[in-house]
Amino acid sequence: MLANYHTHTARCHHATGTEEEYVRSAIRAGLQVLGFSDHSPYFFPDGYYSPFRMRACELPDYVNTVRGLRDAYRGQIDIHVGLEVEYYPALFPRLLDFLRAYEIEYLLLGQHFPGEEINMWGSGARTEEESRLRQYCHSVMEAYQTGLFTYHAHPDMMYFVGDDKVYTKYMRQLCREAKACGIPLEINLLGVRDNRHYPTRRFWEIAAEEGCPVVLGYDAHEPEAFANTKQVAAAKALVGELGLALLETVPLRKI
Ligand SMILES: [Zn+2]
Ligand SMILES: [Zn+2]
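In this report, the structure presented in the accompanying data block is examined. (Residues numbered from 1 in each chain as written. Chains lettered and ligands numbered in written order. Predicted model: local features only at pLDDT ≥ 70, side-chain atom pairs only at ≥ 80, totals over all residues. Heavy atoms only, no water.)

Digging into the side chain of His39
(1) Moving on: Take His39: it is sitting in strand β2 (residues 33–39).
(2) Moving on: Within the structure, His39 has its side chain in polar contact with the side chain of His14 (distance 3.2 Å).
(3) Moving on: Apart from the residues lying within four places of it in its own chain, the contact partners of His39 are His8, Cys12, His14, Phe52, Arg53, Met54, Glu84, His112 and His221. (Helix = DSSP H or I, 4+ residues; strand = E, 2+ residues; numbered from the N terminus. Polar contact = N/O pair within 3.5 Å; in protein donor to acceptor, adjacent residues only side chain to side chain. Contact = heavy atoms within 4.5 Å.)

Shown next as structure tokens:
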């Protein structure tokens, strides 16, 4: 792999290691581009706190730390600062205003909840309900249409175990919209490593049929993640088998 844009830091409370350890591990693994994309802060009503993301007050230090490393390691590796964000339409404009003050270079869409988070089921919760699949796909397609996301992380995290025909119908719409909006789809290497329900072959068959560009992402939650080449080989085997269009690097979309 030449580039990885999906990297977390300890600020999200479920990743470990220092930023510099991630950088050194990435260099050792031969990466030429390393993007940090920790779980974005969000401003929720009524003081609700979402436990898997950094707090807004931590963002300045996050950006400064990554930019410091970018300068320190210039010539060895290209470092970028971004965020992984859910698209919650009611809360997104305020978040965007906040982020624009900090020169965030790019956003990855990581739709862990569809549309909103409070009292909402998670996209990764197993379900047979068509209405949930529809809601997930619609919230994701709305996010694509903003034109603000550089790529979609683990698009197949939606854990629908109902009728295959229903799955195909909605996911084909999602893939077509991604293609139309120029949004690459990520084969998530953490999912490969941990044998999660994603990446799921049936999703990537649809993506291949629709000619969607794809990208690999480590979704690194510890510096050693880049040392594991087994998962890269497995993902590349899937890419080769299905004839997916793999991008080695992706252009960062300005926010
Ligand atoms: Zn995470
Ligand atoms: Zn992630």
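Looking at the coordination of the zinc ion (ligand 1)
(1) Moving on: Taken together, the protein ligands of the zinc ion (ligand 1) are His14 (NE2), His39 (NE2) and His221 (NE2), with distances of 2.0 to 2.1 Å.
(2) Moving on: Within one chain, the residues serving as donors to the zinc ion (ligand 1) are arranged as H-x24-H-x181-H.
(3) Moving on: According to the relative accessible area criterion, His14 is partly exposed, its value standing at 39%.
(4) Moving on: For His221, a relative accessible area of 11% gives the class buried. (Donors = N, O, S within 2.8 Å, 3.2 Å for Na, K, Ca; no water. Buried < 20%, exposed > 50% of the residue type's maximum accessible area, 1.4 Å probe, protein only.)

Comments concerning the environment of Leu108
(1) Moving on: Inspection of the secondary structure puts Leu108 in strand β4 (residues 106–109).
(2) Moving on: Those residues in contact with Leu108 that sit more than four places away from it in its chain are Tyr5, His6, Ser37, Leu83, Glu84, Val85, Phe149 and Tyr151.

Topic: the coordination of the zinc ion (ligand 2)
(1) Moving on: Within the protein, the atoms that donate to the zinc ion (ligand 2) are His6 (NE2), His8 (NE2), Glu84 (OE) and Asp219 (OD), at distances of 2.0 to 2.4 Å.
(2) Moving on: For the zinc ion (ligand 2), the four donor atoms in the first shell make angles of 81 to 171 degrees at the metal, so the coordination geometry reads as irregular.
(3) Moving on: Read in sequence order, the donor residues coordinating the zinc ion (ligand 2) give the pattern H-x1-H-x75-E-x134-D.
(4) Moving on: If you look at the zinc ion (ligand 2) and the zinc ion (ligand 1), they sit 4.5 Å from each other. (Tetrahedral: all angles 85-135°; square planar, octahedral: opposite > 155°, others 65-115°.)

A word on the pattern of salt bridges
(1) Moving on: Counted according to the given criterion, the structure contains 19 salt bridges.
(2) Moving on: Between Arg53 and Glu86 there is a salt bridge whose closest N-O contact spans 3.0 Å. Residue Arg53 is located in the loop between β2 and α2 (59–72), and its partner Glu86 is located in the loop between β3 (78–85) and α3 (92–100); the two are separated by 33 residues in the primary sequence.
(3) Moving on: What makes Arg53 buried here is its relative accessible area of 2%.
(4) Moving on: A salt bridge links Arg176 to Glu210; the nearest nitrogen and oxygen atoms lie 3.0 Å apart. Pair noted here: Arg176 is in helix α5 (residues 164–181) and Glu210 is in the loop between α7 (201–209) and β7 (213–217), with a separation of 34 residues, a long-range link. (Salt bridge = Lys/Arg side-chain N within 4 Å of Asp/Glu carboxyl O.)

Overview of the packing of aromatic side chains
(1) Moving on: The tally for this structure, following the rule as stated, stands at 16 aromatic pairs.
(2) Moving on: Aromatic side chains Tyr42 and Tyr88 sit 4.8 Å apart centroid to centroid with 35 degrees between the ring planes, which places their arrangement in the tilted category. One end of the pair, Tyr42, is in the loop between β2 and α2; the other, Tyr88, is in the loop between β3 and α3, and 46 residues separate them in sequence.
(3) Moving on: Looking at Tyr42, the relative accessible area reads 9%, which means it is buried.
(4) Moving on: In this structure Tyr88 comes out as buried when scored by relative accessible area, which is 1%.
(5) Moving on: Relative to Tyr88, the ring of Phe44 has its centre 6.3 Å away and its plane inclined at 50 degrees; by these criteria the two rings are tilted. (Phe/Tyr/Trp six-rings, centres within 6.5 Å; stacked < 30°, edge-to-face > 60°.)

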